Amino acid sequence: MRTVRLHDTRSGELQVLTPRRGDEVGIYACGPTVYARIHVGNARPFVVFSQLARFLAHEGYEPTLVINVTDVNDKIYGAAVAAGVPSSPLAEEMTAHYVEDTSRLGLGRPDAEPRATETIDSIVGLISELIDRDAAYAVDGDVYFRVRSDPEYGSLSKRRPDQMEQGEDVEGADRKEDPLDFALWKGRKDGEDTSWDAPWGRGRPGWHIECSAMAEDLLGVGFEIHGGGNDLAFPHHENEAAQTRRARDAELARIWMHNGMLQLGEEKMAKSVGNVAALHAVLDQWGHEALLMFFASGHYRQPIAFDDDSMRAATARVAGIRETARRLVDGASPEDMAVHKEAFFDALADDFNTARALSHLAAWVNEANRRTGVGRDDLAEMLGVLGLEHLATVEEVALGAEEQELLERRQTARAERDFAEADRLRDELRARGFEVRDGPSGPELVPVS
Ligand SMILES: [Zn+2]
């Protein structure tokens, strides 16, 4: 088991991952607000934290990955009104799309995918505790968190109070004691078609409180890793941290990990900017292997530019690995090549540096290309962390008798120097899905991927 270091936003430093209990590692990552189909930028945290969980499992830790679904929210109300449908079926439909689209990434599902609307009891309990402790107050059916009651507020996102614009609508402004305060509960308004009973009136939870409640329900407080996009550090994560600190006298999480944004053109990909590429459309165009390779090609903390050139490069990388895998044999890899595999996993233990890890994977592949009869086990082990283990195993394709005959006729044509006929037969094989490769041991038919 390697010592794993991860960059913690709160301390601004690398922290050694130290589980509370045995080898168990709780990971909570903020998931989507389901008001539209997700774009490829929304998929980055899903990929990063799913791959991180795989890596930790590889090292012998026991990760539990939780990614929530925000299924009650102003954005959902807005989208439902715009579409002329009730908000609850819209959220259900978009949740189903989210599960379908992210399942296509081939990384499996998180261990738990809690929904805000199914966590109302815990949310109400947490808000009640905050009110009891004078960290929150009810006013006209709303409940607000008293930001200045938390002396450590701002310590996660490193902001001064004058930089703490909560980004909430002005509607509640006259009800807040202080403009810094943020909503824990919003009293039901006309036009909102979902609401729940609470001691301070019927309404629905604010966004931030749901994550404090869901994370605690599933992982307890003081769990190991809280993740999400760096656009969530303020106010969302700052507020999550403050709520739990004031309600439980404990930190919500030990390490706060933030992934960089996906850039399209000059700006971050965002629905509000209008420069989005839907995840399902990107998967249709490029496939999940190229997309996973693309994400892994950048360090998770850095912004990453999404464009055709990057996706073509990722596609070529996948094809190169597949090509090498065709020449590998089943079984253990040569011991003297293990140095590349060790360096691959060491890079992941060093703030989950997938970009550097891929350079060591490439070194392994280059070495394998120089040899014959290399066993595929190490390659499969490395690719497994990325969710690409199947690339290491090329399935034997049974050639039909007709393809076999076409190949033999092509050999004859070449021997007779009838290159036009040989080319025609090559094209015919290609139309049947096979590429002819002339290798040192004779021609070979390779399925066109
Ligand atoms: Zn959250």
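Scroll up a little and you will see the structure.
A brief look at the structure comes next.

Thoughts on the coordination of the zinc ion
Link 1 in the chain: The protein atoms donating to the zinc ion are Cys 30 (SG), Cys 211 (SG), His 236 (NE2) and Glu 240 (OE), with metal-donor distances spanning 2.0 to 2.7 Å.
Link 2 in the chain: Taken together, the four donor atoms surrounding the zinc ion define angles of 73 to 130° at the centre, an arrangement classified as irregular.
Link 3 in the chain: Donor residues for the zinc ion, ordered by position in the chain, follow C-x180-C-x24-H-x3-E. In this pair, Cys 30 is assigned in the loop between β3 (24-29) and α1 (43-58) and His 236 in helix α6 (residues 233-248), connecting sequence segments 206 residues apart. You'll find Cys 30 and His 236 in the same group, each marked buried.

Some remarks on the sheet that holds strand β11 (residues 262-264)
Link 1 in the chain: Spatially, three strands are ordered β12-β11-β13 in an open sheet, and the strand pairing comes out mixed. The sheet is open, and its two borders are formed by β12 (267-268) and β13 (304-305), each paired with just one other strand.
Link 2 in the chain: In the sheet, β11 pairs with β13 via two bridges, with the strands oriented parallel. If you follow Leu 262 over to β13, its bridge partner there is Ile 304.

A short note on the packing of aromatic side chains
Link 1 in the chain: Within this structure, the stated rule accounts for ten aromatic pairs.
Link 2 in the chain: On the basis of an interplanar angle of 35° and a centroid distance of 6.0 Å, the ring pair of Tyr 137 and Tyr 144 is categorised as tilted.
Link 3 in the chain: The exposure class of Tyr 144 is buried, given its relative accessible area of 2%.
Link 4 in the chain: Residues Phe 344 and Phe 345 carry aromatic rings whose centres are separated by 5.0 Å and whose planes lie at 85° to one another, so their mutual orientation is edge-to-face. For the pair Phe 344 and Phe 345, a shared accessibility class is recorded, and that class is buried.
Link 5 in the chain: Geometry around Tyr 98 places Arg 109 over its ring, the cationic atom sitting 5.7 Å from the centre.

Brief notes about the packing of helix α10 (residues 338-349) against helix α12 (residues 377-386)
For any two helices packed against each other, one specifies the inter-axial angle together with the distance between the axes.
Link 1 in the chain: Put simply, α10 and α12 touch, their axes get as near as 10 Å, and they point 10° apart. The angle between α10 and α12 places the two elements in the roughly parallel class. The two elements α10 and α12 meet at a crossing, and its hand is left-handed. Along the contact surface, α10 presents Ala 338, Lys 341, Phe 344, Phe 345 and Leu 348, while α12 presents Asp 378, Glu 381, Met 382 and Val 385.
Link 2 in the chain: Broken down by class, the residue content of the contact of α10 with α12 amounts to six nonpolar, no polar and three charged.

Regarding the sheet that holds strand β9 (residues 223-229)
Link 1 in the chain: In space, the four strands of this open sheet follow the order β4-β3-β9-β10, with parallel pairing throughout. Bordering the open sheet on either side are β4 (62-67) and β10 (253-259), each of which pairs with just one other strand. On average, adjacent strands in this sheet sit at an angle of 20° to one another, irrespective of strand direction.
Link 2 in the chain: Sheet topology places β3 next to β4; six bridges connect them, and they run parallel. Looking across to β4, one finds that Tyr 28 is bridged to Val 66.

The rules behind each value
Counting starts from 1 at the beginning of each chain's written sequence and moves along it residue by residue. The predicted nature of this model means local features are confined to residues of pLDDT at least 70 and side-chain atom pairs, given and counted, to a pLDDT of 80 or more, with totals for whole chains, interfaces and linings taken over all residues. As a rule here, side-chain values come from all non-hydrogen atoms in the structure, and water together with hydrogens is ignored. Think of the donor list as every N, O and S atom within 2.8 Å of the metal, or within 3.2 Å for Na, K and Ca; water never makes the list, so a site can look incomplete. Site shape is set this way: if four donors have all angles between 85 and 135 degrees, tetrahedral; if opposite donors are over 155 degrees apart and all others between 65 and 115, square planar for four donors and octahedral for six; otherwise irregular. Numbering of helices and strands starts at the N terminus; helices are DSSP runs of H or I of at least 4 residues and strands are runs of E of at least 2. Burial classes follow relative accessibility: with a 1.4 Å probe on protein chains only, a residue under 20% of its type's maximum area counts as buried, one over 50% as exposed, and anything between as partly exposed. Paired strands, in this sense, are two strands between which DSSP finds at least two bridges. Only Phe, Tyr and Trp rings are paired, with Trp represented by its six-membered ring, and only when their centres lie within 6.5 Å; those with planes under 30 degrees apart are stacked, over 60 edge-to-face, the remainder tilted. We call a charge positioned over a ring when the NZ of a Lys or the CZ of an Arg lies within 6 Å of the ring centre and within 35 degrees of the ring normal. The angle between two axes is taken between their N-to-C directions and runs from 0 to 180 degrees, where each axis is a line fitted to C-alpha atoms and a helix contributes only its stretch in contact. Here the word oblique covers every angle except those under 35 degrees (roughly parallel), over 145 (roughly antiparallel) and from 65 to 115 (roughly perpendicular). The crossing is said to be left-handed when, going from far helix to near helix, the turn is anticlockwise and less than a right angle, and right-handed when the turn is clockwise. Contact definition: two residues touch when any of their heavy atoms are within 4.5 Å. The classification used treats Ala, Val, Leu, Ile, Met, Phe, Trp, Tyr, Cys and Pro as nonpolar, Asp, Glu, Lys and Arg as charged, and all other residues, Gly among them, as polar.

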